[in-house]
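Spelled out from the first residue to the last, the chains are:
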Amino acid sequence: MLEVNSSISSDPLLSLTLCFFIPVLFIIIFSFLSNKSQSSPSKTPCPQSYPIIGNLVGLLRNRHRLHDWVTDMLSQTPSSTFQVRNFLDLSHGVCTANPANVDHFLHSNFQNYIKGSRFHDVLSELLGDGIFNVDAPLWTLQRKIASHEFKTNSLKHFISDTVASEISTRLIPFLSAASDGDNRVVDLQDVLQRFGFDNICHVAFGVNPACLVSDNMHQNTPSSDFAKAFDDAVEISSSRFLSPLPLLWKLKRFLNIGSEKRYKEAIEVISRYAMDIIRSKEQDQEGDQDLLSRFMFSSLSMEFQDEEHKRKFLRDIVISFILAGRDTTSTALTWFFWLISGHPRCTRLIHAELSAVALAPAKEPRIFSYDELKKLHYLHAALSETMRLFPPLPINSRLTVDDDVLPDGTRVGKGWFADYSAYAMGRMERVWGEDCREFRPERWLDDDGAFQPSDQNRFPVFHCGPRICLGKEMAYLQMKSVAAAVMNEFDVVVVDGGATAEKMMNPPYTLALLLKMRGGLPVKLIRRRQLHMC
């Protein structure tokens, strides 16, 4: 025995091999026993999971259809919940499409499910300590300030006026120019994204980057550099979140190479642009209507270490709102136009509703007023139905503070992640009925044709509980304004025909934080006035 030990200690390679092999062997045995115990029918299932690699094989195999893969697995479980095991059992979690569990996460046991390190590690450079990246007490303070401002009529009017101005002076003229060309095809997703970015920057900063102005698309200006940097930062943040091995992006960040080097450069551009605007507003002292000005001159008492600390606070909270409002509405509108293009009956009903509201003929493109928009119940239902099937944020996540048991009996351990899939929930028969995969706006209307909102736990697109989206009303206002103005002026013809029954079963989305359409949305635009004149 002494001779064996002596030979091992004298061979450093053998010693190193044993040091590596023994822990790996332990992990294999532990993973096998854990997975075997999870196969018991009394336990929450963990489908397509294997020792050591966890769900990695299924994830890589279904990466192109991730949300439908998750939907398939959730629909086959007894309570629309399953366990998730990551590579080497480095982390555990659950994923659910059960409304009772969503209410538990976001409302009834809100304090136990936080953003935590999972969010902060990924988004700390971009959002810092902004409202969407932190928990109490920083979140409580920012939520109090933001909630106060979003309730004011002056902000509502400012947002409404801003949206109307952007539509009449930027969006409709841009689309009109596109419709004048013979058989010209335009990527409507790209147009809506640039319009959305201009609009949210105007609301948040009081500055318009003019991304939708043709002459500014390829020019290097501070605003265009900011827009490009924001695109890069969001794209790389998405890849961080979706990486099956977070250690890889963290290593690249440490070495400052590849995408992480580009990410660092993008953050520097974003921060410099935001800080320059903050300093200019400090000098003007005008107290404009945009969010940044409102936060700067808020009557709510806040104490800061110094001016730089205050500027960092303002930078983080405003960048957070830009991220939240930048692509969410444009993503929803992209799927909306794709869906109605494949459902001509819905298109006709929306046109009839628009005609009934817009009784007086208009020589110029009509921008519907706030009061007119409130009467568009079918359009509101069609947008809600769009987001039920294609939620801009398809899956969301929380971190568990303490051990817990969910309403469906699922055990959740301390430090586990808790995901809920709004995409899958919209496709659950037990939640939305046998026609859950069909686009049917009528499910949102009562017998009189008035819009009826759904239970937030069945439709968590705007979250629910204490963190419910403050910009929900603003988002609907913008989406209805854009959809009404565009559909009143143009027939939007999707080049590939839009949402057929076959495409609905395999929708063309990208794998990213937001459910963007793969390959954009190529359309042709035909002026409706020309159709009426013919």
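In this text, all values refer to a predicted model and were calculated from it rather than measured experimentally.

Calculation criteria
- Residues numbered from 1 in each chain as written.
- Predicted model: local features only at pLDDT ≥ 70, side-chain atom pairs only at ≥ 80, totals over all residues.
- Heavy atoms only, no water.
- Helix = DSSP H or I, 4+ residues; strand = E, 2+ residues; numbered from the N terminus.
- Contact = heavy atoms within 4.5 Å.
- Areas by Shrake-Rupley, 256 points an atom, 1.4 Å probe, with all protein chains shown as cover.
- Axes fitted to C-alpha atoms, helices over the stretch in contact; angles between N-to-C directions.
- Left-handed = near helix turned anticlockwise from the far one by under 90°.
- Nonpolar A, V, L, I, M, F, W, Y, C, P; charged D, E, K, R; others polar.
- Pairing = 2+ DSSP bridges.
- Patch = residues over 30% accessible without salt bridge, like charges linked within 9 Å, V, L, I, M, F, W, Y side chains within 5 Å.
- Salt bridge = Lys/Arg side-chain N within 4 Å of Asp/Glu carboxyl O.
- Buried < 20%, exposed > 50% of the residue type's maximum accessible area, 1.4 Å probe, protein only.
- Polar contact = N/O pair within 3.5 Å; in protein donor to acceptor, adjacent residues only side chain to side chain.
- Core = buried A, V, L, I, M, F, W, Y, C linked by side-chain atoms within 4.5 Å.
- Expected span 1.5 Å × (residues − 1).
- pLDDT = per-residue confidence, 0-100.
- Phe/Tyr/Trp six-rings, centres within 6.5 Å; stacked < 30°, edge-to-face > 60°.
- Lys NZ or Arg CZ within 6 Å of the ring centre and 35° of its normal.

Caption draft 1: Quick look at the overall build of the protein chain. Of regular secondary structure, the protein chain possesses 23 helices and 10 strands. Put simply, 73% of the contacts in the protein chain that link residues at least 6 apart link residues at least 24 apart. Per element, the accessible surface of the protein chain, about 25000 Å² overall, is 57% carbon and sulfur.

Caption draft 2: Geometry of the packing of helix α12 (residues 258-284) against helix α14 (residues 307-326). In contact at an axis separation of 10 Å, α12 and α14 are set at 115° when each is read in the N-to-C sense. The element α12 and its partner α14 pack so that their crossing is right-handed. Contacts between α12 and α14 pair Ile267, Ile270, Ser271, Ala274, Met275, Ile278, Arg279 and Glu282 from the former with Glu307, Glu308, Arg311, Lys312, Leu314, Arg315 and Ile319 from the latter. Taken together, the residues of the contact of α12 with α14 break down into 7 nonpolar, 1 polar and 7 charged.

Caption draft 3: View of the sheet that holds strand β1 (residues 81-85). On the basis of which strands lie adjacent, the open sheet formed by 5 strands has the order β1-β2-β8-β5-β3 and mixed pairing. Here the strands that pair on one side only, and so sit at the sheet edges, are β1 and β3 (113-114). Sheet analysis places β3 next to strand β5 (residues 395-400), joined by 2 bridges and oriented antiparallel. Within the sheet, the bridge partner assigned to Ile114 lies in β5 and is Leu399. Lying on the sheet, helix α5 (residues 99-108) is in contact with β1, β2 (92-96), β3, β5 and β8 (417-421); it crosses β8 at an angle near 125°.

Caption draft 4: Looking closely at a nonpolar patch on the surface. Residues Leu251, Phe254, Leu255 and Ile257 make up a contiguous nonpolar surface patch of roughly 440 Å² in combined accessible area. Relative to the elements of secondary structure, Leu255 occurs in helix α11 (residues 246-255).

Caption draft 5: The pairing of β2, seen in detail. By the criterion of burial, β2 is predominantly enclosed, with 5 of the 5 residues buried. Neither face of β2 is left uncovered, since the one carrying His92, Val94 and Thr96 and the one carrying Gly93 and Cys95 both have all their residues buried. The pairing of β1 with β2 spans 5 bridges and is classified as antiparallel. Among the inter-strand pairings, Thr81 is bridged to a residue of β2, identified as Thr96. Taken together, the 4 bridges between β2 and β8 define a ladder with parallel strand orientation. Across the sheet, residue Thr96 finds its bridge partner in β8, namely Tyr420.

Caption draft 6: Representation of the environment of Trp444 in the model. By the secondary structure assignment, Trp444 is in the loop between α20 (429-432) and α21 (472-489). Assessed through its relative accessible area of 2%, Trp444 is described here as buried. Considered as a pair, Trp444 and His380 are 64 residues apart in the sequence and their alpha carbons are 8.8 Å apart. In contact with Trp444, not counting residues within four places along its chain, are Ala381, Ser384, Glu385, Arg388, Trp432, Ala450, Phe451, Gln452, Pro453, Ser454 and Phe459. Within the local environment of Trp444, its side chain forms a polar contact with the side chain of Glu385, the two groups lying 2.8 Å apart.

Caption draft 7: Representation of the pattern of salt bridges. According to the stated counting rule, one finds 30 salt bridges in the structure shown. Residue Arg467 is joined to Asp135 by a salt bridge in which the shortest nitrogen-to-oxygen separation is 3.4 Å. You can see Arg467 sitting in the loop between α20 and α21 and its partner Asp135 sitting in the loop between α6 (116-127) and α7 (138-150), a full 332 residues away along the chain. With a relative accessible area of 10%, Arg467 lands in the buried category. For Lys503, the salt bridge goes to Asp496, with nearest N and O atoms at 3.5 Å. Through salt bridges that share partners, Glu385, Arg388, Asp435, Arg440 and Arg443 make up one connected network.

Caption draft 8: The arrangement of the sheet that holds strand β10 (residues 522-527) in detail. Reading across the sheet, the 3 strands line up as β4-β10-β9 and stay open at both edges, with antiparallel pairing between neighbours. If you trace the sheet from one side to the other, it starts and ends with β4 (186-187) and β9 (490-494), each paired once. Note: β4 against β10, 2 bridges, orientation antiparallel. Note that in β10 the partner of Val186 across the bridge is Val523.

Caption draft 9: Inspection of the side chain of Asp404 at higher detail. Structurally, the position occupied by Asp404 is in strand β6 (residues 404-405). Each residue touching Asp404, except ones within four places of it in the same chain, is listed here: His104, Asn109, Asn112, Tyr113, Thr410, Arg411 and Val412.

Caption draft 10: Up close: the nonpolar core. Counting residues in each nonpolar core, the largest one holds 144 residues, and the members touching the most others are Phe205, Phe226, Ile319, Ile322, Phe336, Phe337 and Trp338. Residue contributions to this core peak at 11 residues, all from α21. Setting aside chain neighbours within four positions, we find Trp338 in contact with Phe390, Val494, Asp496, Gly498, Ala499, Lys503, Met504, Pro508, Met517 and Leu521.

Caption draft 11: Fine view of α14. With 20 residues, α14 ought to run about 28 Å at 1.5 Å a step, and its terminal C-alpha atoms sit 28 Å apart, in line with that. At the N-terminal end of α14, a side-chain oxygen is found 3.2 Å from the backbone nitrogen of Glu308, two or three residues along, and the residue is Asp306.

Caption draft 12: View of the confidence of the model for the protein chain. Across the protein chain, pLDDT averages 85, with 84% of residues at or above 70. This stretch, residues 1-14, has a pLDDT under 50; its non-local contacts, to residues over four places away or in other chains, come to 4 contacts.

Caption draft 13: Molecular detail of the packing of aromatic side chains. Scanning all chains against the criterion turns up 22 aromatic pairs. Both rings, one in Phe132 and one in Phe321, keep their centres 5.5 Å apart while their planes meet at 75°; by these two values the pair is edge-to-face. Residue Phe132 is located in the loop between α6 and α7, and its partner Phe321 is located in helix α14; the two are separated by 189 residues in the primary sequence. Given a relative accessible area of 28%, Phe132 falls into the partly exposed group. On the accessibility criterion, Phe321 (8% relative accessible area) is buried. Look at Phe205 and Tyr273: their rings are 6.1 Å apart centre to centre, the planes differ by 65°, and that puts the pair in the edge-to-face class. Here the residue Phe205 occupies a position in helix α9 (residues 188-205), and Tyr273 occupies one in helix α12, the gap between them amounting to 68 residues. Per residue, the accessibility class of Phe205 equals that of Tyr273, and both read buried. Clustering of aromatic rings is evident, with ring pairs tying together Phe197, Phe205, Phe226, Phe230 and Tyr273. Positioned over the ring face of Phe368 is Arg366, at 5.8 Å from the centre of the ring.

Caption draft 14: Examining the environment of Arg311 more closely. Tracing the backbone shows Arg311 in helix α14. By relative accessible area, which is 14% here, Arg311 ends up buried. The sequence separation of Arg311 and Met296 amounts to 15 residues, and the corresponding C-alpha distance is 8.9 Å. Contacts of Arg311, omitting those with residues within four sequence positions, involve Met275, Ile278, Arg279 and Glu282. Of the polar contacts made by the side chain of Arg311, one reaches the side chain of Glu282; its length is 3.0 Å. At 2.4 Å, the side chain of Arg311 and the side chain of Glu308 are in polar contact.

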